[in-house]
Structures are given as C-alpha cells and as structure tokens.
2 protein chains.
Amino acid sequence: MPHGYNGKILHVNLTTGELTIEEPEEKFYRKYMGGSAMGVYYLLKEMPAGVDPLGPDNILALCLSVMTGTPISGQSRMTAVAKSPLTGGIGDSQCGGFFPAEMKFAGFDGIIVKGRAEKPVYLWIHDGRAELRDAGHLWGRVTGEVEATLREELGDDKIEVLQVGPAGEKGVRFAAIINKSNRANGRTGMGAVMGSKNLKAVVVRGTHKPTVADKAALSELARWGATHFPESDVAGLGKYGTAETTGAQQRAGGLPTYNFTSGVFDRWEAIDGTTMYDTILRGADQGKQDRYGRDTCYGCTIRCKRVVEIKEGPYQVDPKYGGPEYETTSTFGNYCGVSDLPAIAKANEICNKYGMDTISCGATIAWAMECFEEELITVEDTGGIELRYGNAEAMVKMTEMIAKREGFGDVLAEGSARAAAKIGRGTDEYLITSKNQETPAHMPHTKRTLAVIYAVNPFGADHQSHEHDPSYRFYPERMAQLGLHDPQPKLALNAEMVRYAMITQHLYSAMDSINVCQFVFGSAWQLYGPDQLVKAAQAVTGWNVSLYELMQVGERRLNMLRAFNAREGIGREADTLPKKFFDRPLKGGKTDGYVLDRDEWRRAVDTYYAMCGWDVETGYPTRPKLEALGIGWVADELGLA
Amino acid sequence: MPHGYNGKILHVNLTTGELTIEEPEEKFYRKYMGGSAMGVYYLLKEMPAGVDPLGPDNILALCLSVMTGTPISGQSRMTAVAKSPLTGGIGDSQCGGFFPAEMKFAGFDGIIVKGRAEKPVYLWIHDGRAELRDAGHLWGRVTGEVEATLREELGDDKIEVLQVGPAGEKGVRFAAIINKSNRANGRTGMGAVMGSKNLKAVVVRGTHKPTVADKAALSELARWGATHFPESDVAGLGKYGTAETTGAQQRAGGLPTYNFTSGVFDRWEAIDGTTMYDTILRGADQGKQDRYGRDTCYGCTIRCKRVVEIKEGPYQVDPKYGGPEYETTSTFGNYCGVSDLPAIAKANEICNKYGMDTISCGATIAWAMECFEEELITVEDTGGIELRYGNAEAMVKMTEMIAKREGFGDVLAEGSARAAAKIGRGTDEYLITSKNQETPAHMPHTKRTLAVIYAVNPFGADHQSHEHDPSYRFYPERMAQLGLHDPQPKLALNAEMVRYAMITQHLYSAMDSINVCQFVFGSAWQLYGPDQLVKAAQAVTGWNVSLYELMQVGERRLNMLRAFNAREGIGREADTLPKKFFDRPLKGGKTDGYVLDRDEWRRAVDTYYAMCGWDVETGYPTRPKLEALGIGWVADELGLA
C-alpha cells in the first residue's frame, strides 16, 4: 500500500504577477490536512494584522485537502479563507461542486493569492501549469456568461470556473465566490476579497487523478454508503433538498420568520422542499425531477443540489443557476414573510448570477423590512419601494439593487450591521447579526447550543460549525464515539451541552479542514459517522490516522481562527448575540413567548471559553493551549507570554 | 455481532459482613472502561476526604475492565485503588498474572471493599457467588504457604489467590498485594490497606468466559501479534525480561546507581537480563530456560515474567516466587551498589513472600546506605549492620527486617521519607522520593519528561505513567496517531516535550483504565499501537470505540486522581522532585556532571498544569476541565465554584 502524501501549493502574487510553487513536507499535510486549517496557516504566517480586507495586503487562500478528488461522496469541497470585509476578522467559507476535484486534478492543493492585479485577470491552471490571463472582457459580466465565454475561449468544455460576479467586483460585503454558476463560497464576503484583487476567475482543468493508498478500502466505504443511502436520514435530503427541513423547523417553532420575530410561518408549505420538488424543480412538469432537477458534486451519491426552472410568469429562472437551499428559502422566504417560491428562486438566481451570499442578502433585506414596518426606514430611504414583509416584488428588486449597488441597495450592500450604523434611528435594535454576519435559519430558541456557537464562532453566526443539539439525544452510538454519553433534556444549556457544542465544533472544524461535506460526514444523521471519516482519511492517505488526530486538527484550526481574530484585537467583546434574541419574545407557534436568558447564555459562554482553554476575560487562545495543539508558533506570532 | 457490555460489581462491607452486587448501566463501562478510572470513581463517590489510609474508612477497589479475560495478549490486569498510606493521597497500582482473568470468569468486574473485619477473613468468589471466610489460620503466613493451604482447603487447583503477606499485615507502608506468589500490585502500599482491613486474601474461581462481540476481529489481531512478535521490539523483552534494558540504560548514563549519585554502574553486566537468563533462570543449567524460566500472564504471548531458581549457595531461591524485574535488579542492585545477582533474587523472593514493593523497598535501603556512607545513620541505628553500598548481605538482611518490621527495619518500613523525618540529621537531603514514593529506575537526567511526570503524577514517582521521551524520535508513525509530529532534540524539556508527556500520559492513563499491559499496548515500541488498542476494545465490546474516546477516558481518570488528591488538600506543593536531582551533579559515565535545572523544570511544570487545564497556582483540576470531560459531578464533590 502506498503511504504518505505530497502535493503542491500555488502562490500567486497579483501585484508582481509572480507565480511560485511550494511543495510542503508531508507532516504539514498530516498536521493541517487542508481546507480551513491550511488557509489560516498561510494567513497567520504571511499576513500582518490590521490590513484592509479589501486592500492588496489581504491574502485569499483557496484550499483543498488530502481527500479532495478521490472517489468517495462529500470530498469535492474547497475552502476560501481571507480577512473578511464583513466581520473585520477571519473569513472562512466552503463550497462544493466540481471545481474542487478539478483543481486537484489540475495539480494543486492550495492557491494562495496576494496583492492586487493592475487590471482584471483570471488564473488559468491546467495540469500543473499556471498562468495569469487578461480578464478585461469578463469584468462586469454575470457568472453564467463568464462561464460560457471561458469555455469557448479555452476550447475545453471540461474546465471548471470559480469566479466573482459583479457583486464581488463592486465590493458587496457579503459577495460570494461562485463556481459552475450555482455553487458558492457564500459567507463572510470572500467574493468581495477576490474582486478587490481584480481576480475575476480561477479556471482549472487537469487529468491527474489523486493517488488513493488503499483503493479497496475506499471502494468498500463508498459501496457501504451507496447501499445504506436509501434508508439513511439523508435520503430525504437527497430527494427534497435542504428545504426538506422547513416542515420540521415549523413544527418545532424554529422557522425564523419576520426577521426572527416568530418561529412559525403560516405559509411555510408554499416554500418547503416538497413543494419545490413538485412545482419548480426542473423536470417536475414531466415528473422527471429526480433526473433533471437534482444536481450533485463530484463523486457524490446524495444529489442534494437543486435545479429549478421557471419558464413563465413574473419570475423566470434559468436552470443553470441552480436552485435555492433551505437557507435561501428561509432568508428570502420566511425571514421576509414571502411565500412566493418563484420569487425566492429568482432572488437565488440573482445571487448566483451576481455572486452574493443568499443568507446575508436575504437576512439584510428582512432586517430592512422590519425597520420599514417599524417606520425607522421609509420610502425616502428606499427610493419609493414599499419594503414590507411579504412584498415579494420588493424583495426581488432589492436583491438586484444590492447586487448592483444601486440606490438603497448600495446601503444594504454593506451588510445589515453597517447599514444600521449608517442609518441610525435605532435600527440596530433589529439586527440579527453576530460579528456583523447575519444569522442563518436555525434558531437558538429551539436549539440552545446555537446560542453559544453563533456568538463564539470566529467568523460570525454560522450554522455549520457544530452539530445542532437534538442530535445528542437521537444518535447515541455516533455521539459515544466522541465521548458524549449524557444527553440532556431539550433546551438545556448546561455545562454538558456546552461540552457537546465544543466537541462537535471540533469535529466540524476538522471536517472543514479535511474538507468534507457535512451532509455526508458528521456525528449524527449524516451518511457516514466519525469512524468512517477516519477510515476514509486512512484509505486515501495510507496514514494510520486516528479520530484523536482529526479532532486535534479541528481544535487546532479553531484556535488558529481565534488567534487570527485576537491578532486583530477581536475577542470576547465581539462574541455577541442579537439583542432581539434576549429582549423580544417570539410570537406564535410552539415557541410563543420564548426568549433567551442573558445570564444563562453568559454563563454558558464563560464555560465555553474555559473548556476551550482560552482566556475567559478576553476570549483569546492562550499560549499553553496553542502549545498543547502543537502550534506554539501561533503564540509567538501573537506575542503571547 | 452482539453489542454492548454488562457486568457486576461486588461491594464488600467487612465491618458488617454484608456483600451486595451492583449492575451498573452500560454507559458506566463505556465512560470509565474499568481499572483505575472505575476504582477512583467509587473512592470519590463513596469515601469522604481525610480518612486514615490504614483505618476502616478507607476503600480498596480491585478493578478489572471490559477487556479482562478475553483472548488477547496483555489484558489480564487488575488495578488496586485506595487512599495510599505511603503518599497520603491516591494510591493506584496494577498487577498482571492469572488472577484478573479468573476474577472475570468468577463473575465480577470490580470488588469494592469497605470497613474492617473484626478478625482476619478471606473473600471466596466462585461463579458469581461470594462469601467471607475465616482466615485466622492464614494470618502471619507467607504467600506461598497461603496459596498452597487455600488450594488444598478449597479442593481446587485452579483457584487464583490475591493476598497480603506478613508485610501487609504489619502495615509496611509500601506493602504490596500479591497474586500467584509472584505478581504484585506493588506500588503505593495497597497491601498495607488490604492488611489493615483484616482481609488476608481474595480467592477467585469461575467458568464464565466473557463474551467477545467480534471474535474474528480479536483473533485476527491476536494472530497479527503472534506473527509480528518475533521481530518486534518486545521480543527481547520476552526472552530476557525487563532487565534486558540494563545495558541500554548503562550506556546512556541512565542506570541509577548509588541512590542516584551516578548514572552508571561498573558491574552492571553482572545483574543484567542476559546474565540472569544465562545463570539463574530456571532451567538455565540445562539450557531450557525458555521453557522453564519464562512465565506469562493469562493469554499473553510475550512471556516476559522471570522464574529464577537457586539451589545452592548463600541465597537459595524458590522458583514459585518468580524472579526479579529490571526495577528490582536496579533498586536492590545498582541503587545499592550490589552486583550479586543471587542476593538480588533473594531480596525479590522476600518481597514476594512477605508482600512488598521491590522498588520502594530497594530504594529505601539504598537511601539508608547513602545516609550510612555519609555517617548520618550509624550502626547504632541499624543494630550493628554495616549498611554500606555493595554490601549484599546487609541489603538482603534489611529487606527481611523491613518485611518483619524488626529493629531498624521497623523504621524503614515507613518508607524513606517518613524514616528521614523520624531520623532527622539532614537525611532528607538524600531522599529520592516524590510524594513520599521512591523513584523507579529511570532517570530524568536522560529522559527529561520524567522530570515532569515524576513530580506531577498523582500517586508519586512512577515510570509507567507516560511514554519515555526517546520514543518520540524513534516511532514516528505511532506517535502521529496521537497528533505528535514534531520530535524535539534529545534532552529538550520545552513545550512540545511537555505536550508529548501529557498526551502519552493520557494514553497510559487510558491503558490503566481499560487495564492493558504496557508491554503489549502502547504508543511506541510495544507489540500493538494505539490503533490496535482501539481495534481490540471494539472487538471485545462491539462498541464503535474511537481513540478520541479512549484518550478522554485516560484524561478523565487522571483528572479524577488529581481531584481525589485535591480533596485531601494535596496539590502543586506536593508535586516535587528529589532535591538531589537539582543539587548534586551525577558522577561518571555519559551523564557525568548532569543535573536538572530547577528553573527549566518549574517552567515545564507550569506549562504542564496550564496544558492540562488545571489551576497553575494550586495544581487542582478546575470545574470547566472536569465538565469538559463529562465529570462535572467531581467538581460538585470538590465544591468547586
């Protein structure tokens, strides 16, 4: 069995045009695995504190992992890391699709981009060769057009294109990086960073399939996955997409509605996953949506991605821009009180076309709607648009205006927190942001550990940074592998639940470094459990990787992200939750009257820092903790005593 | 595949004669696994602080694990835990042999002994039944005789006998618990505790083989072990016993000589493992020592145990008392400057016959010898014995006098630290104790991490609580499984080496809970690595145990031991090293002039506490750390804020 791993990192200096190739030693890969840990490694090593996120000194790291491109579900993931123009701290975002695998085939595990090109360029990487090319003709154009142009220009239909749309070019602070015109590194504004560098696209093509140390073992795991998939908890997710969860959230009173004013939306059925499947999924008119309406990522059996097509009516949608996820139907839907599924699909199309994060975009509009309802924002601000809950047309219009930074859209393009600061008038009371990033569509009112993780997560409110808490009760055997044996009653936020949050956060952090999909691998309802993640990593690398090692990778990466923030002076004071969650009881449904308890939350956060081995006063990682993770160099970098 | 585990714990109240059986829920076993963690669990739950270690309120826990008695090498281990009469804090000691497996076959995973019998008794356990029987006729008799009497009395040649000898009866503070007359729970005075309870013996016999969830997987691992054993690093250990290491220690200047005055002993060859093999091992006279001179534990392929036989000369030795380990040849040998192997074998026989820890006994005599050489102890103290280095006769005589608490032996039976306190005259300058327990035969001068572990280990100086540091450099693949990727130069005691010490300590702590032998399982030169420990645990229990879980068990147990001490008020101030190590440079050999640096050591210990998540001022575990290990109840027990 072959053993070990070697790979290449491409360093790109856009200011000088210099391209250099690094071949890290094997233990670098084993210690960081790839993805987010790899990215923040370069940021900490090669970038000083205090740089302008939209200036040339920011570094954008695009990182794969040791597993990318191998024949197993869930491995085609790429993590983008840079200083975030939205949060001011670390930015971190994952995408799926075919780009990650193709980038691996093209010969690189990471692309570290520095500087700023004088004029728009794109990076063309093919079979180990890399070059910067002029992108003047692509600038200002939407993603689908750019894809088509590049395919033609490069004469290869199999290229994969990662790009920023016009929103990224214009520095929309929650601009996304888009690939295949329908997948996004959505959160934390990575598209704005890429745009600020005048890097329009990264195009990859390659034929070097990565070696797999133990092909038989990996095949066996893949076979097991294929066999168990139909009865697994992800089968429904595959068929109905992530919006399948809408009903469960509604029943629990955990469907964020009217900008988190309520946990129920009376018209939820109009926008859920089954309705999407039955109506606008491509092929639904012929009952062939399983064939035409479900897309996949490289090598993945689940096929959770949506392809919607609307040929008639006010909101026509081109299938090449994919379809909305649950986060998207929620933020443009229930957040805004909108139950018009085609309108939501249209907003989704605009986001993929112009390159924006649907969560921040939809949530920012919902915040503006609440302010409008409260008469803190008026038609004078909006240029006449009645930005009311339920106004689908206004929602779609505002999405487009943000993408183009037109009118009031230019204000909202800064994200809701900056917009509130600009507008004033008490609009900040209605923000649902942590570290300036808008909260995704899972409510800490029903899943208490989110109250901790939303606040402490280094790059702002995020729903994919730990396992949501009901899982602790429902998946005892997978939980036990993580040493979790004592599920607590519903809604508890005691020490054991904080521990659960931290431990599953470390696992998810490892998954964001070894770069695997959280629908395929996880600690609960996912297709594969932690033991199988270990098996997959072993099979691919030939290393005798243990779960203990992987959990260290996860904790290591989390500490590196926090250390990055600490270097920027961002610590505990930034680990907040929206005031609304504490001050305004929810209305209606099962969670009617629910509100978070500030003291309970503060105690939980204190416990969390202490359990993490961080300074409870500052929320910064400590030297002993960093050294205990084998990254004393980070403590040196921070100048810690 | 059957799944899960259930077992029984026998609670024995010697004061009332009451025997009760507990059947813990499955998650108890998964969380604590057995052994030391199981034992200290009952001590923390059922015993208050401040009890007299030799009084009826002490609890003696004799614990197996989920793996005991299954068909794999290294699993027949039993851990004894009680408050230690030697250290005043937690006592903890492991034994091998056949008793552990037989106890499992008899139906129990743990025996929790409370109170004190009015008259000597023994506990007879057979196939799930337990009874207390009169032991008046056994009291005062040596181990070999007691074994023979019980076999006859119970009419069963297959019983296994665990007992205290006369030393335990008389409260020698380093008295051992002995089984098969030749295996010991040697350290921390567990025999004195058992003796103080008037519990002469525990006799077990049973026919219930434990279930193995995945027999094929366990067999495969056993086969792998048998196949790889001949070329493994433990093959020599099997053939020549632990004293095989004498030469390597000598060459490194790490063979503690003349009470740690030197790291070399010029006559080392006279007492090493090959000399023992060639001369006094049973059958050596016919060249059949591999057949007659090597003993084993239940189900173990290594056969490291020695059987020596000396039929002539001043030191005749009965083979039923086994033979000396490296620790024994060192403490009675090089520590005392004695190179007379038969004399050492005789001292070993006395220890097994009377029930004493050879390390503390030999080291206490060596300390007295240095004091004698320094004229702080004289023939007036010793009753005319010339207690000089190299005086084999005096060494043997003193061993016997300690066992019987005769004359000066009665003083030394208190252990060297208490003897020094009693004698005064500056004799404490020459102590080589940590927490009153004498240092084993591995030198922190050559293996720096021992300087930390000797000091911080909850039950005093111990050489089997972590992986000694050269291993980090020599076994990179096994180390990598623990997330250890950065071996440091020889003699370094920087943060990375402290981390290494802590992580391997957690592994060893897990092994002392799942109760496996450290020659069979480990992180370096052992037959099986951490991955295989996981496989073995999985195969036996059917649980999908991960290394992450096992490492938590280890850290959990270590924190429970420290918590026990904290409850007794024993913390950082007790985490000391012998003054000699700092103040008196070694003489001769490769380590000539070596001395430990007090500042470097203090920094390392500070780092260790901080990495452990303990209070650096007090050395106590903190509530968040205990809660992070899922044992918040321990923090409650300690009354921690």
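What counts and how
Residues numbered from 1 in each chain as written. Chains lettered and ligands numbered in written order. Predicted model: local features only at pLDDT ≥ 70, side-chain atom pairs only at ≥ 80, totals over all residues. Heavy atoms only, no water. Least-squares fit on C-alpha atoms with pLDDT ≥ 70 in both. Contact = heavy atoms within 4.5 Å. Helix = DSSP H or I, 4+ residues; strand = E, 2+ residues; numbered from the N terminus. Buried < 20%, exposed > 50% of the residue type's maximum accessible area, 1.4 Å probe, protein only. Expected span 1.5 Å × (residues − 1). Arc of directions from axis to C-beta. Salt bridge = Lys/Arg side-chain N within 4 Å of Asp/Glu carboxyl O. Pairing = 2+ DSSP bridges. Axes fitted to C-alpha atoms, helices over the stretch in contact; angles between N-to-C directions. Buried area = accessible area lost by both parts, 1.4 Å probe. Polar contact = N/O pair within 3.5 Å; in protein donor to acceptor, adjacent residues only side chain to side chain. Domains from an automatic or database assignment. Nonpolar A, V, L, I, M, F, W, Y, C, P; charged D, E, K, R; others polar.

Asks: Tell me what's going on with the relation of the copies chain A and chain B, and back it up with residues and numbers.
Replies: Laying chain A over chain B is done by rotating through 180° and shifting 0.0 Å along the axis; what remains is an RMSD of 0.0 Å. Interpreted geometrically, this transformation is the action of a two-fold axis. Residue Tyr-548 of chain A of chain A places its C-alpha closer to the rotation axis than any other residue of that unit, at 2.1 Å. The overlap is high: 100% of the interface residues of chain A also sit at the interface in chain B, so the same surface is used on both sides.

Asks: Give a detailed account of unusual backbone geometry, specifying residues and quantitative values.
Replies: The residue Lys-435 of chain A is not glycine, and still its phi comes out positive at about 50°. Take Lys-435 of chain A: it is sitting in the loop between strand E15 (433–434) and strand E16 (437–438). Of note in this structure, Asp-127 of chain B is not a glycine but carries a positive phi near 45°. When its relative accessible area of 26% is taken as the criterion, Asp-127 of chain B is described as partly exposed.

Asks: Tell me what's going on with helix H7 (residues 215–228) of chain B, and back it up with residues and numbers.
Replies: All names here are of chain B. A rise of 1.5 Å per residue sets the reference length of H7, with its 14 residues, at 20 Å; its end C-alpha atoms lie 20 Å apart and thus fit the reference within 8%. Along H7, the residues classified as buried are Leu-218, Leu-221 and Gly-225. Buried residues of H7 fall within an arc of 60° about the axis and therefore sit on the same side. Exposed residues on H7 whose side chains face more than 90 degrees from its buried face are Lys-215, Ala-216, Glu-220, Arg-223 and Thr-227. For H7, the secondary structure elements touched by its buried residues are helix H23 (530–541).

Asks: Describe the pattern of salt bridges, with residues and values.
Replies: Summed over the entire model, instances satisfying the criterion amount to 88 salt bridges over all chains. In this structure, Asp-318 of chain A engages Lys-320 of chain A in a salt bridge whose closest nitrogen and oxygen atoms are separated by 3.2 Å. Among the residues examined, Asp-318 of chain A registers a relative accessible area of 28% and is labelled partly exposed. Looking at Lys-320 of chain A, the relative accessible area reads 40%, which means it is partly exposed. Across the pair Arg-173 of chain B and Glu-414 of chain B runs a salt bridge, and its minimum N-O distance is 2.9 Å. Placement of the pair is Arg-173 of chain B in the loop between helix H5 (166–169) and strand E10 (177–179) and Glu-414 of chain B in the loop between helix H17 (408–412) and helix H18 (416–423), with a sequence separation of 241 residues. The class of Arg-173 of chain B is buried, set by a relative accessible area of 18%.

Asks: For the sheet that holds strand E2 (residues 18–22) of chain A, give the residues involved together with the corresponding values.
Replies: All names here are of chain A. With mixed pairing, six strands are arranged side by side in an open sheet as E2-E1-E6-E3-E4-E5. In the strand order of this sheet, the two ends are held by E2 and strand E5 (90–95), each with one partner. The sheet shows a mean angle of 15° between the axes of neighbouring strands, taken without regard to direction. By the bridge criterion, three bridges tie strand E3 (residues 60–63) to strand E4 (residues 78–83) in an arrangement that is antiparallel. Following the sheet pairing, Cys-63 is matched in E4 by Thr-79. Its contacts with the sheet put helix H2 (residues 35–46) on strand E1 (9–13), E2, E3, E4, E5 and strand E6 (110–114), and the angle it makes with E4 is roughly 25°. Each of E4 and E5 touches helix H24 (residues 547–567); the most contacted strand, E5, lies at about 140° to it.

Asks: Explain the interface of chain A and chain B to me, and be specific about the residues and the numbers.
Replies: Listed as interface residues are 34 residues of chain A and, on the opposing side, 34 residues of chain B. Across the interface of chain A and chain B, roughly 2,800 Å² is buried in total on both sides, 54% from carbon and sulfur atoms. Broken down residue by residue, the surface that chain A buries against chain B is led by His-485, Asn-544 and Tyr-548 of chain A, which jointly contribute 22%. Our count for the contact surface shared by chain A and chain B stands at six salt bridges. Salt-bridge contacts for Asp-486 of chain B lead to Lys-27 of chain A; the nearest nitrogen and oxygen are separated by 2.5 Å. Linking chain A to chain B there are 18 residue pairs in polar contact (both at pLDDT 80 or more). For the side of chain A that touches chain B, the secondary structure elements donating two or more residues are helix H1 (26–32), helix H21 (476–480), helix H22 (495–511), H24, helix H26 (598–612) and helix H27 (623–628) of chain A. No other element matches H24 of chain A, which puts six residues into the side of chain A that touches chain B.

Asks: Any chance you could break down the pairing of E4 of chain A for me, citing the residues and the numbers?
Replies: All names here are of chain A. By the criterion of burial, E4 is predominantly enclosed, with six of the six residues buried. Note that E4 and E5 share six bridges and pair antiparallel. Paired with Val-81 across the bridge in E5 is Asp-92.

Asks: Can you explain the domain arrangement of chain A? Please cite residues and give values.
Replies: All names here are of chain A. According to the domain assignment, chain A contains domain 1 (9–205), domain 2 (240–430) and domain 3 (449–576 + 597–638). Between domain 1 and domain 2, the residue contacts involve 36 residues of the former and 31 residues of the latter. Both faces considered, domain 1 and domain 2 share a buried interface measuring about 2,500 Å² in area, 55% of it formed by carbon and sulfur atoms. Taken together, the connections running from domain 1 to domain 2 amount to three salt bridges. For the pair domain 1 and domain 2, the interface holds 19 residue pairs in polar contact (both at pLDDT 80 or more). For the side of domain 1 that touches domain 2, the elements supplying multiple residues, two or more each, are helix H3 (99–105), helix H4 (143–154) and helix H5 (166–169). Here the side of domain 1 that touches domain 2 is built from residues that sort into 14 nonpolar, 16 polar and six charged.

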